[in-house]
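What follows is each chain in one-letter form.
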Amino acid sequence: MSQLPLLFGLGSLALAGLAGASALRKPQSAASSGVAHIAAIYRAGAPVTKVEPDAAATLSPVLDRFRRMTVVIAPARSTGKIQRSLDRAGNPPNWTLDRVLAYKSIAMIGLCAFALFVGMGRGAAVILFVIGGAVAGFLLPDLLVHNSGVKRQEDIERALPDAMDMLTVCVEAGLGFDAALTQVARNTEGPLTREFARVLQEMQFGKSRTEALQALSERTTVSELRAMVLALIQAAKLGIPIAAVLREQGKEMRLKRRQRAEEKAQKVTVKILFPLIFCLLPALFIVVMGPGVLTLVKSLSGV
């Protein structure tokens, strides 16, 4: 019977975790739908069709109540921060702003109940358990979205130099910047491809090239991509050939990629030091010095 509260708390935690993790499932479907969307929008001569709202994006009445609870609790400026984090994460399917707000309250209640049952019998410390569980649950969806955005930005950073080389080749071959960006979006895959496709889509919806590129810069934290966007905007204002700008930006990106690789290689010796000391060296000492220690013990025992 003493384990019943703990089991109940673990069950509440599991339900909250499942509710939060369900929004991040099926990442491959997001990639495939993004590629299919690119092909549908940028097919030669095809007009832009109206995008119907996703039925999965609508909230159920229960989730809507949790969303309203979060809106009451959270500061007003937190909504904008969550939306920026979602943009950097690529706006995954089933992970909309309303769902994030709803899952914040669900996780808060789940972890609060778990902390309550864990802290039973600890006197006044149960209040600290409940407060800590509530804060951790309320911030858990933000952490998941932020983590997804960080991984996506790392993928963009790795793919950017190769995409820049392809973009430079297309522009130097005689294509306009928009047509070259379309070719890169058609012939590559990954989060950077979807970002380029979104830029083209926004231009088709009526935004200017400068506005679409500025929106791209706001959706990313990759310094190289932001520098490229700034250089392209300045080149358009000053009348500098885009091909020359892209060529210089490509050289700079390849140089930074090589520097990052060298930096990671230099960190390997430091990272391997502690596993070497605590895992390999004790076993090596046992193998090398073990027979001598046993012989010494036998000799001393005989004396």
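Residues numbered from 1 in each chain as written. Predicted model: local features only at pLDDT ≥ 70, side-chain atom pairs only at ≥ 80, totals over all residues. Heavy atoms only, no water.

### Topic: the overall build of the chain
Working step 1: A tally of regular secondary structure across the chain gives twelve helices and zero strands.
Working step 2: Secondary structure of the chain in N-to-C order comes out as α-α-α-α-α-α-α-α-α-α-α-α.
Working step 3: Across the chain, every contact between residues at least 6 apart in sequence was considered, and the portion connecting residues at least 24 apart equals 67%.
Working step 4: A total accessible area of about 18,300 Å² is found for the chain, and carbon and sulfur atoms account for 66% of it. (Helix = DSSP H or I, 4+ residues; strand = E, 2+ residues; numbered from the N terminus. Contact = heavy atoms within 4.5 Å. Areas by Shrake-Rupley, 256 points an atom, 1.4 Å probe, with all protein chains shown as cover.)

### What to know about the packing of aromatic side chains
Working step 1: Summed over all chains, the structure comprises one aromatic pair.
Working step 2: Here the aromatic rings of W95 and Y103 are separated by 5.9 Å at their centres, their planes lie at 20°, and the arrangement is stacked.
Working step 3: Residue placement shows K104 over the ring face of F138; its charged tip is 4.0 Å from the ring centre. (Phe/Tyr/Trp six-rings, centres within 6.5 Å; stacked < 30°, edge-to-face > 60°. Lys NZ or Arg CZ within 6 Å of the ring centre and 35° of its normal.)

### Side note on the pattern of salt bridges
Working step 1: Under the definition given, this model contains 16 salt bridges.
Working step 2: When the shortest N-O distance is used, the salt bridge between D64 and R67 registers 3.1 Å. Pair noted here: D64 and R67 are both in helix 3 (residues 61–73), with a separation of three residues, about one helical turn. R67 shares its class with D64; the two are buried.
Working step 3: Between D178 and R209 there is a salt bridge whose closest N-O contact spans 3.5 Å. Here R209 lies in helix 9 (residues 209–218) and D178 lies in helix 7 (residues 177–187), a separation of 31 residues in the sequence.
Working step 4: One network of salt bridges, with partners in common, ties together R152, E195, R198, E202, K207 and R219. (Salt bridge = Lys/Arg side-chain N within 4 Å of Asp/Glu carboxyl O. Buried < 20%, exposed > 50% of the residue type's maximum accessible area, 1.4 Å probe, protein only.)

### Thoughts on the side chain of S217
Working step 1: Note that S217 resides in helix 9.
Working step 2: Setting aside anything within four residues of it in sequence, one finds S217 in contact with R226 and V229.

### A look at helix 11 (residues 242–271)
Working step 1: The terminal C-alpha atoms of helix 11 lie 42 Å apart, and with 30 residues this matches the ideal 44 Å at 1.5 Å per residue to within 8%.
Working step 2: Among the residues making up helix 11, those that are buried are A243, V245, L246, Q249, G250 and M253.
Working step 3: In this fold, the buried residues of helix 11 make contact with helix 6 (125–172) and helix 10 (223–238). (Expected span 1.5 Å × (residues − 1).)

### Re a nonpolar patch on the surface
Working step 1: A contiguous nonpolar surface patch, about 680 Å² in accessible area, is contributed by L284, F285, V287, V288, M289, V293 and V297.
Working step 2: The residue V293 is located in helix 12 (residues 273–302) in this model. (Patch = residues over 30% accessible without salt bridge, like charges linked within 9 Å, V, L, I, M, F, W, Y side chains within 5 Å.)

### Focus on the packing of helix 4 (residues 78–88) against helix 6
Working step 1: The geometry of helix 4 relative to helix 6 is characterised by a closest axis approach of 8 Å and an angle of 35° between their N-to-C directions. For the crossing formed where helix 4 meets helix 6, the hand is left-handed. Between helix 4, through I82, S85, L86, D87 and R88, and helix 6, the contact on the second element is made entirely by D142, V145, G149, R152 and Q153.
Working step 2: Tallied by class, the residues present in the contact of helix 4 with helix 6 amount to three nonpolar, three polar and four charged. (Axes fitted to C-alpha atoms, helices over the stretch in contact; angles between N-to-C directions. Left-handed = near helix turned anticlockwise from the far one by under 90°. Nonpolar A, V, L, I, M, F, W, Y, C, P; charged D, E, K, R; others polar.)

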